[in-house]
There are 2 protein chains.
Amino acid sequence: MAITVVGSVAYDSIETPAGRKDRCLGGAATYFSLAASFFTDVRVIAVVGEDFGPDQEAVFKARKIDTRGIERAPGKSFFWEGSYLDNLNEAKTHATELNVFASFAPKIPEAYRDSEFLFLANIDPVLQRQVREQMPDARLVAGDTMNYWIKDHRDALLQMLKGLDVLLINDTEARMLAGNNNLVLAARGVLALGPHTLVVKHGEYGATAFFSNDSFDTKREGAPPHPFRAPALPLEEVVDPTGAGDSFAGGFFGYLASQRELTPAAFRRAMFYGSTMGSFAVERFGTERLQQLTRQEIDDRFVLFRELTHLD
Amino acid sequence: MAITVVGSVAYDSIETPAGRKDRCLGGAATYFSLAASFFTDVRVIAVVGEDFGPDQEAVFKARKIDTRGIERAPGKSFFWEGSYLDNLNEAKTHATELNVFASFAPKIPEAYRDSEFLFLANIDPVLQRQVREQMPDARLVAGDTMNYWIKDHRDALLQMLKGLDVLLINDTEARMLAGNNNLVLAARGVLALGPHTLVVKHGEYGATAFFSNDSFDTKREGAPPHPFRAPALPLEEVVDPTGAGDSFAGGFFGYLASQRELTPAAFRRAMFYGSTMGSFAVERFGTERLQQLTRQEIDDRFVLFRELTHLD
């Protein structure tokens, strides 16, 4: 099944203990698309400026990602500059220039409209909702958000959440969104806002999925669905954490979209594929590692994740 | 196989968001013994004061724990007072009174000397080493330590580590001990100091075991042993985190001691039993939950841990 993703395609200047790279191709939709493209067809909706040329286009094309929904606008692409010098788990933002993104009005190409899977990457929840409403027949809708929208655009975010099946956010965001420091209670609070599944990302500790009663997880009838935790891979070097969460989302949602049935078992494997893609993304600056990856490497690492966690 | 454990038997006054309890029976050796007693015979070496009476003795006896090595000394038992009001993952210490522990010189009863398993709970590494040297024939020796010994008693600690097979510490301690912020590299640094296995506890995110080449983990010949991660159970309420790490150690080491062979599979199950015992310990104040536990409850929760992490 094809996925349509809406989100940022951007340039990032990044400094980490491993070095510095200026103007890497980045943005949530870029990481998501590359990661998901190993599993299924991906179609991108975004806006870029005049600085987005054939070299950047080629990155998407090499992975057979549909870029007809990437609008070209006069001006510069979205730009972000950040560093992780003190803490690899949390970026320090030095500059955010919205540029062409400031007046982004997502338009969905006709050819995208039969996408059964829709991913709303982290952008203004008003835009996320506009896209959601233009894709009423999507079978499964997942999305991401961040502290800024939770704190300062709560009403718009709550409206958007009503149209989501799966929300992927980190621990801090889940606690902030629900106003509860206990993760289980926070998850319950978030699940009451719309999504039937909440994936909470724990950075180097992996991610936990929580389910409401009408979620995928119908394995044990009568019993409340229990959570599922995927680990992250202990890595000797994290070169650049940028995009790890978006790559997780791409692996997770891409794998789900490749499955005929959304069974609990498929969902658990999707969590492992999400962690797998996140673990690759951080091995090089920007999207370098995702660009060079092979499906064989992905499946080999999936086996490592199994060995890391399974008793037998 | 029997385990001998040396460590503190103490009174704790604890304040958490769930309430306050004064002078609970606590101490690392107490939590460890209770947790391990569900799997194998446990023998305690500790010192207590005149405030340790038949009621406290009965807690050990109810679990058939051998207390002949608990020495009675004039004065008061070790006392700790702490709170977790801001952060359930880190205690704020308000008072530490060593009392009879200040002049503790561990003596090993003759009846303990055939113990094949030895656990050195978190006390002065000089004392840990004395006990280790009095038990030269122990088949497997594990131990714990804390930031204070790592920072201010490094030489004594390094001497002690040479006699350990398995070290159990938390993330911060592992990074501090190795002087490296990357967990994989920190683990490698710690494993070069003596232990062939390092279990790093991540609090609410579980624990990861790292192995050197001469560790248990001989499953994949020729390949470097890969790490293994056990989750922690997402809990709706953590009443009192005190003793979670010691209970983890008790479940982990108790299960290993109950096994005929120390295979990689036994080791992985031990990690899950460790997490299981830690998850019970925090459900009530002090050792209350461990005192009331049944083996059936433990095995039921072990199944939950499997469901939380396993693909099939």
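Going by the structure above, here's the rest.
Residues numbered from 1 in each chain as written. Chains lettered and ligands numbered in written order. Predicted model: local features only at pLDDT ≥ 70, side-chain atom pairs only at ≥ 80, totals over all residues. Heavy atoms only, no water.

Novice: Explanation requested: the interface of chain B and chain A in the structure shown.
Specialist: A common way to state how big an interface is: give the accessible area lost once the parts meet. Every contact between the two is made by 35 residues of chain B and, on the other side, 35 residues of chain A. Summed over both partners, the interface of chain B with chain A buries about 3300 Å², with 51% contributed by carbon and sulfur atoms. Considering only the side of chain B, the residues that lose the most area to chain A are B:Tyr205, B:Arg229 and B:Leu311, jointly responsible for 26% of the buried surface there. If you look at where chain B meets chain A, you find six salt bridges. With a shortest N-O distance of 3.2 Å, B:Asp312 and A:Arg306 are connected by a salt bridge. Remark: the boundary between chain B and chain A carries 24 residue pairs in polar contact (both at pLDDT 80 or more). Of all the secondary structure elements, the ones that give two or more residues to the side of chain B that touches chain A are helix 6 (171–178), helix 7 (183–191), strand 12 (207–211), strand 13 (228–230), helix 9 (264–281) and helix 11 (295–309) of chain B. By residue class, the composition of the side of chain B that touches chain A is 14 nonpolar, seven polar and 14 charged. (Contact = heavy atoms within 4.5 Å. Buried area = accessible area lost by both parts, 1.4 Å probe. Salt bridge = Lys/Arg side-chain N within 4 Å of Asp/Glu carboxyl O. Polar contact = N/O pair within 3.5 Å; in protein donor to acceptor, adjacent residues only side chain to side chain. Helix = DSSP H or I, 4+ residues; strand = E, 2+ residues; numbered from the N terminus. Nonpolar A, V, L, I, M, F, W, Y, C, P; charged D, E, K, R; others polar.)

Novice: Sorry if this is basic, but what is going on with the nonpolar core here?
Specialist: Here is a general trend for soluble globular proteins: nonpolar side chains tend to be buried in one another's company. The biggest cluster of nonpolar side chains holds 64 residues, and the ones touching the most others in it are A:Val9, A:Phe119, A:Val199, A:Phe252, A:Phe253 and A:Met271. When residues in this core are grouped by element, the largest group, eight residues, is from helix 9 (residues 264–281) of chain A. If sequence neighbours within four positions are ignored, A:Val199 has contacts with A:Val166, A:Leu167, A:Leu168, A:Ile169, A:Ala207, A:Thr208, A:Ala209, A:Phe248, A:Phe252, A:Phe267 and A:Met271. By size, the runner-up hydrophobic cluster in this structure holds 61 residues, among which are B:Ala29, B:Phe32, B:Leu140 and B:Leu233. (Core = buried A, V, L, I, M, F, W, Y, C linked by side-chain atoms within 4.5 Å. Buried < 20%, exposed > 50% of the residue type's maximum accessible area, 1.4 Å probe, protein only.)

Novice: Looking at this structure, how should I read the relation of the copies chain B and chain A?
Specialist: The operation relating the two chain copies consists of a rotation about an axis and a shift along that axis. Superposing chain B onto chain A takes a rotation of 180° plus a shift of 0.0 Å along the axis, which leaves an RMSD of 0.0 Å. The relationship between the two copies is best expressed as a two-fold rotation axis. (Least-squares fit on C-alpha atoms with pLDDT ≥ 70 in both.)

Novice: Can you help me understand the packing of helix 1 (residues 28–36) of chain A against helix 8 (residues 244–257) of chain A in this one?
Specialist: A pair of packed helices is characterised by two quantities: the angle between their axes and the separation of those axes. Residue and element names in this part refer to chain A. The contact between helix 1 and helix 8 brings their axes to 7 Å, and the two run at 40°. Considered as vectors, helix 1 and helix 8 are oriented oblique to each other. The crossing of helix 1 and helix 8 is right-handed. Together, Ala-28, Tyr-31, Phe-32, Ala-35 and Ala-36 of helix 1 and Asp-246, Ser-247, Ala-249, Gly-250, Gly-251, Phe-253 and Gly-254 of helix 8 make up the contact between the two elements. The class makeup of the residues in the contact of helix 1 with helix 8 is seven nonpolar, four polar and one charged. (Axes fitted to C-alpha atoms, helices over the stretch in contact; angles between N-to-C directions. Parallel < 35°, antiparallel > 145°, perpendicular 65-115°, else oblique. Left-handed = near helix turned anticlockwise from the far one by under 90°.)

Novice: What exactly am I supposed to notice about the pattern of salt bridges here?
Specialist: One side chain can pair with another of opposite charge once the charged atoms of both are near each other. All names here are of chain A. Per the counting criterion, the structure on display carries 42 salt bridges over all chains. Across the salt bridge formed by Arg-295 and Asp-299, the nearest N and O atoms sit 3.2 Å from each other. With Arg-295 and Asp-299 both in helix 11 (residues 295–309), this residue pair falls four residues apart, about one helical turn. Residue classification places Arg-295 among the partly exposed residues on the basis of a relative accessible area of 34%.

Novice: Would you explain the packing of helix 8 of chain A against helix 9 of chain A in this entry?
Specialist: All names here are of chain A. Running from amino to carboxyl end, helix 8 crosses helix 9 at an angle of 145°, the nearest separation of the two axes being 7 Å. Taken as a pair, helix 8 and helix 9 cross one another with a handedness that is right-handed. Across the interface between the two elements, Ala-244, Ser-247, Phe-248, Gly-251, Phe-252, Tyr-255 and Leu-256 of helix 8 pack against Ala-266, Phe-267, Arg-269, Ala-270, Met-271, Tyr-273, Gly-274, Ser-275, Met-277, Gly-278 and Ala-281 of helix 9. Here the residues of the contact of helix 8 with helix 9 sort into 12 nonpolar, five polar and one charged.

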